[in-house]
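Structural characterization, general
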Amino acid sequence: MQTLDSVQNAAPAGALASPSVARNTAPILEVLRAHLPARARVLEIASGSGEHALAFARALPATTWTPSDPSTEALTSIAAWRAEAGLPNLNAPLALDAAAPETWPEVDAQVIFCANMIHISPWAATEGLLAGAGRILPDPGGLLVLYGPYLESDAPLAPSNAAFDASLKSRDPAWGLRDLDDVVALAKTHRLHLTRRVEMPANNLMLLFRRA
């Protein structure tokens, strides 16, 4: 396993650094290694600082990783990390708004990966993400991978997640942890079916949906 020094080094000029990336990259990578196709073409939605994209492209050199984000600041950060690393399998970032799938650029992707967006965005972003994934992922077999915290009808809400949900809603009433049943039901309308739920550290989940 290659080291994840990409999330430990000082950020280059113009780049952002997220402490949470250093904490969750290794657990996420373990799941990706187990379920991504050997030479996967991955589109990452809401790449933020770009540190996940950098770390996963470095650790999975047979993949082709395309980061994206609607934020100019995020795109600048992703480009700065990418320029410093010089990885041949890390593509230039795309300006892409999850909430507007009709505006997404054409991307040849077998996999869509999205971490920590669904709860820090309006529900329209989730609707757009699932619609866009249903449109561009190959049928059958395309893979949508989501990471983050969710509300589950058959599981008690961890106190830390309850506090996090309240904090998000205080910042923006349109934000907050989503009901997993709602996400699964909406995904099905786009022929995306939940095939695996993986419990992750800090009360997060990895959700794998297959196009069928």
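Quick note: structure is the one above.
In this report, the structure presented in the accompanying data block is examined.

Rules used in this analysis
Residues numbered from 1 in each chain as written. Predicted model: local features only at pLDDT ≥ 70, side-chain atom pairs only at ≥ 80, totals over all residues. Heavy atoms only, no water. Axes fitted to C-alpha atoms, helices over the stretch in contact; angles between N-to-C directions. Helix = DSSP H or I, 4+ residues; strand = E, 2+ residues; numbered from the N terminus. Parallel < 35°, antiparallel > 145°, perpendicular 65-115°, else oblique. Left-handed = near helix turned anticlockwise from the far one by under 90°. Contact = heavy atoms within 4.5 Å. Core = buried A, V, L, I, M, F, W, Y, C linked by side-chain atoms within 4.5 Å. Buried < 20%, exposed > 50% of the residue type's maximum accessible area, 1.4 Å probe, protein only. Salt bridge = Lys/Arg side-chain N within 4 Å of Asp/Glu carboxyl O.

1. Side note on the packing of helix H1 (residues 19–35) against helix H2 (residues 51–59)
At their nearest, the axes of H1 and H2 sit 10 Å apart, and the two run at 45° to each other. Relative to H2, the element H1 is oriented oblique. Note on packing geometry: the crossing formed by H1 with H2 is right-handed. Across the interface between the two elements, Val-21, Asn-24, Thr-25, Ile-28, Leu-29, Leu-32 and Arg-33 from H1 touch Glu-51, His-52, Ala-55, Phe-56 and Ala-59 from H2.

2. Details of the nonpolar core
Ile-45, Ile-112, Leu-144, Leu-146 and Phe-209 are the most contacted members of the largest nonpolar core, which totals 29 residues. Among all residues touching Leu-144, those that are not within four sequence positions of it are Ile-112, Leu-130, Ala-133, Leu-137, Leu-192, Leu-207, Leu-208 and Phe-209. One finds Leu-32, Ala-115, Met-200 and Leu-208 within the second-largest nonpolar core, a separate group that totals 28 residues.

3. Considerations on the pattern of salt bridges
This model, assessed by the stated rule, comprises 6 salt bridges. The closest approach of N and O atoms between Arg-41 and Asp-108, which form a salt bridge, is 3.2 Å. Here Arg-41, found in strand S1 (residues 41–45), pairs with Asp-108, found in the loop between strand S4 (94–95) and strand S5 (111–115); they are 67 residues apart in sequence, far enough to count as distant. Ionic pairing is found between Lys-169 and Asp-165, a salt bridge with its closest N-O pair at 3.1 Å. Note that Lys-169 and Asp-165 are positioned in helix H5 (residues 159–171) at a spacing of 4 residues, about one turn of the helix. Since its relative accessible area comes to 40%, Lys-169 is described here as partly exposed.

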